[in-house]
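Here are the chains, one letter per residue:
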Amino acid sequence: ALVSMAKWSTRNYALISLLGESGCRAGEAARLRISDLNLKDCTAMVDGKGNKRREIMFTQETAIALREWLTKRPGDTDHDCVFTSTRGHGPLSTRSVSAVVYRLGKRAGVAEPFGAHALRHRVGTKLARNHVPVRVAQAYLGHSSPEITFGYYQDVDESDLRAAAKLLRPTTLKELFSPDSS
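If you're wondering where the values come from, they're calculated on a predicted model, not measured in any experiment.

Trainee: Can you help me understand the overall build of the chain in this one?
Mentor: Scanning the chain from N- to C-terminus turns up ten helices and three strands. Listed N to C, the secondary structure of the chain is α-α-α-β-β-β-α-α-α-α-α-α-α in terms of helices and strands. What you see for the chain is a C-alpha radius of gyration of 20 Å, clearly larger than the 16 Å of a compact globule of 182 residues, by over 25%. Projected onto its principal axes, the C-alpha positions of the chain cover 75 × 35 × 30 Å. Across the 182 residues that make up the chain, the buried fraction comes to 38%. Taking the intrachain contacts of the chain between residues at least 6 apart in sequence as the baseline, contacts between residues at least 24 apart amount to 50%. Taken as a whole, the chain presents about 11100 Å² of accessible surface, with 55% of it coming from carbon and sulfur. Here the chain carries 27 positive and 19 negative side-chain charges, and the mean point of each set is 4 Å from the other.

Trainee: Can you help me understand the packing of helix α7 (residues 134–141) against helix α8 (residues 146–153) in this one?
Mentor: Geometry of a packed helix pair, given as the angle between the helix axes and the separation of the axes. Contact geometry for α7 and α8: axes closest at 9 Å, N-to-C directions at 110 degrees. In terms of orientation, α7 lies roughly perpendicular with respect to α8. Here α7 contributes V134, R135, A137, Q138 and L141 to the contact with α8, which in turn contributes P146, T149, F150, Y152 and Y153. Here the contact of α7 with α8 is composed, by residue class, of seven nonpolar, two polar and one charged.

Trainee: Could you clarify how one ought to interpret the pairing of strand β2 (residues 43–47) in this entry?
Mentor: Every other side chain in a regular strand lies on the same face of the sheet, so the side chains alternate between the two faces. Alignment of strand β1 (residues 37–38) against β2, held across two bridges, turns out to be antiparallel. Counterpart to L37 in the pairing with β2 is A44. Counting the residues in the hairpin turn of β1 and β2 gives four residues, including C42, whose phi is positive at 60 degrees. In this sheet, strand β3 (residues 53–57) lies alongside β2 in antiparallel orientation, the contact comprising five bridges. Of the residues in β3, the one forming a bridge with A44 is I56. Linking β2 back to β3 in an antiparallel pair, the connection comprises five residues, with G50 at a positive phi of about 65 degrees.

Trainee: I tried to follow the side chain of R120 on my own but got confused; where do I start?
Mentor: Positionally, R120 belongs in helix α6 (residues 116–129). The charged side chain of R120 is buried without a salt bridge, its nearest counter-charge being E28 at 4.8 Å. Setting aside chain neighbours within four positions, we find R120 in contact with G23, C24, R25, R54, L141, H143 and Y152.

Trainee: What is the right way to look at the pattern of salt bridges in this model?
Mentor: Pairing between side chains of opposite charge can happen when their charged atoms approach one another. One pass over the structure, following the stated rule, counts six salt bridges. Between D47 and R53 there is a salt bridge; the shortest N-O distance is 2.8 Å. Several salt bridges share partner residues, and in doing so they unite R25, E28 and R54 into one network.

Trainee: Where do I start with the nonpolar core in this structure?
Mentor: Side chains of a nonpolar character, in soluble globular proteins, are inclined to be buried together. Counting residues in hydrophobic clusters, the biggest one holds 33 residues, and the most contacted among them are L18, L19, F58, L66 and F83. Sort the elements by how many residues they give to this core and helix α2 (residues 10–22) lands first, with six residues. Residue contacts for L66: discarding those within four places in its chain leaves A14, L18, L37, L39, F58, V82 and F83. Counting residues in hydrophobic clusters, the runner-up holds seven residues, among them A128, V132, A137 and L141.

Trainee: Would you take a moment to explain unusual backbone geometry for this structure?
Mentor: Of note, the phi angle at C42 is positive, near 60 degrees, even though the residue is not glycine. By relative accessible area, which is 9% here, C42 ends up buried. Despite not being glycine, H131 shows a phi value in the positive range, around 60 degrees. Here H131 is to be found in the loop between α6 and α7.

About the criteria used
Residues numbered from 1 in each chain as written. Predicted model: local features only at pLDDT ≥ 70, side-chain atom pairs only at ≥ 80, totals over all residues. Heavy atoms only, no water. Helix = DSSP H or I, 4+ residues; strand = E, 2+ residues; numbered from the N terminus. Rg over C-alpha atoms; globule rule 2.2 N^0.38 Å. Buried < 20%, exposed > 50% of the residue type's maximum accessible area, 1.4 Å probe, protein only. Contact = heavy atoms within 4.5 Å. Areas by Shrake-Rupley, 256 points an atom, 1.4 Å probe, with all protein chains shown as cover. Lys, Arg positive; Asp, Glu negative; His and termini not counted. Charge placed at Lys NZ, Arg CZ, Asp CG, Glu CD. Axes fitted to C-alpha atoms, helices over the stretch in contact; angles between N-to-C directions. Parallel < 35°, antiparallel > 145°, perpendicular 65-115°, else oblique. Nonpolar A, V, L, I, M, F, W, Y, C, P; charged D, E, K, R; others polar. Pairing = 2+ DSSP bridges. Salt bridge = Lys/Arg side-chain N within 4 Å of Asp/Glu carboxyl O. Core = buried A, V, L, I, M, F, W, Y, C linked by side-chain atoms within 4.5 Å.

Dropping the structure here:
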């Protein structure tokens, strides 16, 4: 519903796509510069927490959305930021990025609208659910330590327990009682 609502605006669609695929922070999206985009390779360099630069990745669909937004982005700006305000054409602030996500959620009828950070959490949870190693997810999300990333991996639900049980379930009684299965 959020994505469908965002499609009414090229800027909002590009922003939601970027946040939802890269897992970048609202501030990273707000400070993203055109010169740091590589739409051909579907990557961008962002300035993360503690002024640490890191590469984010996204799909070709998001690259297309960003390209389309850049063709419509106001040309009378005095900055190189990808995302501009609809009023005054200044760069979007971190707070404005979250406000865009919140407003889109509200318009889409989301029961409890959320901000940009919820999209980042969704990416972390998706990485955990797809069993991406914690160190890889840590690097992808730009976390300073694996302990932060572990938060996504500790949300255990019934499907996780069933998958674990299936891995441990022997296929035959012979396998259950073989000497190799301590």
